[in-house]
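Read off the chains here:
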Amino acid sequence: MAGANHPFDRQTLKGHGPFDSANLIDLVLPLPHQGTAMHTTETTHTQRGRSGAVSALIGDRGGDVDSENQSAREAYAWIQNFNNGNQNNNWKNNNYRARAVRSSYQTEPLPSFQELVEAYFECRKGKRNSDTALAFEANLERNLYALYLALINRTYTPGRSICFVITRPKPREVWAAEFVDRIVHHLLYRRISSRFENSFIADSCACIKGRGTLYGAIRLESKVQSITENWSKPAFYLKCDLANFFVAINKAILMQLLEAKVQDPWWHWLTMEVLLNDPRINALNHASRKTAGLVPEHKRLGSQDSLHGLPIGNLSSQFFANVYLNELDQFVKHQVRAKHYIRYVDDFVLLHESPQWLNAAKTKIEWFLAERLQARLNPTKTILQPIERGIDFVGQVIQPWHRTTRKRTVNVAFDRVKKVAHEDRRATVNSYFGLMRQADKSHHLRSQLAKVALKHGHAVDGGFTKAFERKVK
């Protein structure tokens, strides 16, 4: 459970109404069957198995715990009744304070309880069996309602983060917010994201629905085919990467960009709470001294002051990064006038028939980054060369007439499948099958991966798309 400063802490509940269990509707029902064998991975660690006493909001959920649509519909119906004043007497007693607070802020739009529950459902996807999600769900009604009170009262403060280090594809710090804080991130994103994303260019990818790595690869391939007239004419590409992007983001500049479109007092307050929260305060460090030493000093959030840097690992950070670099997108499209341009997080590519034009564009971009965003390009990752040599972007290489999976990714895939524990190998193989299938030329690579899976005791379908546990007679 969270620390004492969290809104669903027992001490915080005092003074917010009669929270005796007899006065609460029990929205957490015991499952009528044993816990499933479903396993999901959290950023910190994996919780295997689950308690059979944890279920979803409202309703008798007979059957598979993954069938959430019915329970979600029932939850929303109950919430609608709550918002329409049709709740029973117990809820009327418990919510008098929430309604009083709501009436005191009639001039500003506040989140509804329904929005918070919807944010919770989104947050728990892929995290249902994690320790923090199970702890929150064990007292789901109490925790959600207490969080709602803390938010509308503006007494919510983010909790402490967990810091650990990942080593693939390269060593970097990850700061995982507590589950309750991730719910708040989803709540904020759901409300304000459209205000910004409606002005994003179509060539901005990552953390936008429908615009993942496959979208980026296909869109870049289409631009390449256009400028080369289906590979019949020569052209060049400029690929750039921002140096130490996340840890170098200037929060003062980002604050101005957010305030331009988030002017509602309450949502402005929540945006600033999330943006200005320093995850290093009271953080739990789960990185060993050896792994922490793998991260260069200039790439550590701890080496920055409190007004620079966003924690890698949070939805809010990904969204804020897009808001930040939308300024770059607009400059490249409207000032540099690049017809063929695409960006995925801090990696971006420009295409043109002239290498001299691309060099001039690079000079303008460097000036803009320094003057407007206080950022700079990574000189070791700036590439200018003919398109026909292949463009490495979002894990794929766009070459004449086809796209292939990046060679480094393939080598890592084979190495991981060989070394991973047997009980995790099938899931790992299937994950890489799915990744390789995104490239239109992947049959040969998938056949090689299938041989590794067969060698280690798994069965594979004829199309090299899925691995299975081999039945033992």
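Residue positions within a chain follow its written sequence, with the count starting from 1. Per-residue local features are limited, in this predicted model, to residues with pLDDT of at least 70; the limit for side-chain atom pairs, both in listing and counting, is 80 or more; totals at the level of whole chains, interfaces and linings are taken over all residues. Derived side-chain values reflect all non-hydrogen atoms in the structure, with water molecules and hydrogen atoms excluded from consideration.

A. Examining the overall build of the protein chain more closely. Tallying secondary structure elements over the protein chain gives 18 helices and 13 strands in all. To sort residues, take the accessible area from a 1.4 Å probe on protein chains only and compare it with the maximum for the residue type: under 20% means buried, over 50% means exposed, and anything in between is partly exposed. Residues classed as buried in the protein chain amount to 49% of the 473 residues present. Between two residues, a contact is recorded if the distance between any of their heavy atoms is within 4.5 Å. Long-range pairs, those at least 24 residues apart, make up 72% of the contacts in the protein chain with a sequence separation of at least 6. With residues, only the protein chains shown are counted as cover, and all accessible areas are computed by Shrake-Rupley using a 1.4 Å probe. For the protein chain, the computed accessible surface area is about 22,700 Å², with 50% contributed by carbon and sulfur atoms. Helix and strand definitions here come from DSSP, where helices need a minimum of 4 consecutive H or I residues and strands a minimum of 2 consecutive E residues; each element is numbered from the N-terminal end.

B. Quick look at the sheet that holds strand β5 (residues 284-285). Whether two strands pair comes down to DSSP finding at least two bridges between them. The sheet built from three strands is open, its strands ordered β2-β1-β5 with mixed pairing. Either end of the sheet is taken by a strand with one partner, and the two such strands are β2 (172-176) and β5. Direction of pairing for strand β1 (residues 162-166) relative to β2: antiparallel, over a ladder of five bridges. Across the sheet, the residue bridging to Val165 is Glu173, located in β2.

C. Region of the structure containing the pattern of salt bridges. We define a salt bridge as a side-chain nitrogen of Lys or Arg found within 4 Å of a carboxyl oxygen belonging to Asp or Glu. If you walk through the whole model with that rule in mind, you get 17 salt bridges. For the salt bridge of Arg124 with Glu137, the shortest nitrogen-to-oxygen distance reads 3.6 Å. With Arg124 in the loop between α5 (113-123) and α6 (131-138) and Glu137 in helix α6, this pair connects stretches of sequence that are 13 residues apart. Of the two residues examined, Arg124 and Glu137, each falls in the buried class. Residue Arg372 is joined to Glu327 by a salt bridge in which the shortest nitrogen-to-oxygen separation is 3.7 Å. Placement of the pair is Arg372 in helix α15 (residues 355-373) and Glu327 in helix α14 (residues 315-334), with a sequence separation of 45 residues. A residue is classified by how much of its surface remains accessible, and Arg372, at 29% relative accessible area, is partly exposed. Ionic contacts of the salt-bridge type, sharing partners, join the residues Glu118, Glu122 and Arg190 into one network.

D. Fine view of the packing of aromatic side chains. Stacked, tilted and edge-to-face are the three classes applied to pairs of Phe, Tyr and Trp rings, where Trp contributes its six-membered ring and a pair requires centres within 6.5 Å; stacked means planes under 30 degrees apart, edge-to-face means over 60, and tilted covers the rest. One pass over the structure, following the stated rule, counts 15 aromatic pairs. Taken together, the ring pairs in this structure connect Tyr120, Phe121, Phe136 and Phe179 into an aromatic cluster.

E. Region of the structure containing the sheet that holds strand β8 (residues 383-386). Taking strand neighbours across the sheet as the criterion, the five strands line up as β3-β6-β7-β4-β8 in an open arrangement whose pairing is mixed. Two strands lie at the open edges of the sheet, namely β3 (204-205) and β8, each paired on one side alone. Bridge analysis of strand β6 (residues 340-344) against strand β7 (residues 347-352) gives five bridges, and the strand direction is antiparallel. Counterpart to Ile342 in the pairing with β7 is Val349. Axis lines are fitted to C-alpha atoms, over the contacting stretch for helices. Their N-to-C directions set the angle, which ranges from 0 to 180 degrees. Strands in contact with helix α9 (residues 213-227) are β3, β6 and β7; relative to β6, the strand with the most contacts, it is inclined by about 165°. In the packing of α14 onto the sheet, the strands contacted are β3, β6 and β7, and the crossing angle to β6 comes to about 170°.

F. Structural detail: the side chain of Asn250. Along the chain, Asn250 falls in the loop between α10 (245-248) and α11 (251-259). Polar contacts involving the side chain of Asn250 include one to the side chain of Gln374, which spans 2.9 Å. Setting aside anything within four residues of it in sequence, one finds Asn250 in contact with Leu307, His308, Tyr324 and Gln374. Counting of polar contacts relies on pairs of N or O atoms within 3.5 Å, with two restrictions inside protein: one atom must be capable of donating a hydrogen and the other of accepting it, and residues adjacent in sequence are counted only when both atoms are side-chain atoms.

G. Region of interest: the pairing of strand β10 (residues 396-399). Sheet topology places strand β9 (residues 391-393) next to β10; three bridges connect them, and they run antiparallel. Within β10, the position partnered with Asp392 by the bridge is Val397. Where β10 meets strand β11 (residues 402-405), four bridges bridge the pair, whose relative direction is antiparallel. Its bridge partner lying in β11, Gln396 is registered against Thr405. The antiparallel hairpin formed by β10 and β11 contains two residues in its connecting segment, where Trp401 sits at a positive phi of about 75°.

H. Here's a closer look at the packing of α5 against helix α7 (residues 140-152). α7 packs onto α5 with a crossing angle of 125° between their chain directions and a minimal axis gap of 10 Å. Between α5 and α7, the interaxial angle falls into the category oblique. The handedness of the crossing between α5 and α7 comes out as right-handed. Contacts between α5 and α7 involve Phe113, Leu116, Val117 and Tyr120 from the former and Leu140, Leu144, Tyr145, Leu147, Tyr148 and Leu151 from the latter. When residues are grouped by polarity, Ala, Val, Leu, Ile, Met, Phe, Trp, Tyr, Cys and Pro land in nonpolar, Asp, Glu, Lys and Arg in charged, and all others, Gly among them, in polar. Residues that form the contact of α5 with α7 fall into these classes: ten nonpolar, no polar and no charged. An angle counts as roughly parallel when it lies under 35 degrees, as roughly antiparallel when it exceeds 145, as roughly perpendicular when it falls between 65 and 115, and as oblique in every other case. Crossings are classed by handedness, with left-handed meaning an anticlockwise turn of the near helix from the far one by less than a right angle and right-handed meaning a clockwise turn.

I. Broad picture of the nonpolar core. For our purposes a nonpolar core is just a set of buried Ala, Val, Leu, Ile, Met, Phe, Trp, Tyr and Cys residues, chained together by side-chain atoms within 4.5 Å. Grouped together as the largest cluster of nonpolar side chains are 75 residues, with contacts concentrated most on Leu270, Leu328 and Leu350. It is α14 that provides the largest number of residues to this core, a total of ten residues. The residues touching Leu270, leaving out its near neighbours within four places in the chain, are Leu151, Tyr156, Val184, Leu187 and Leu188. Core analysis: the second largest hydrophobic core is formed by 16 residues, Ala217, Val224, Ile342 and Phe393 among them.

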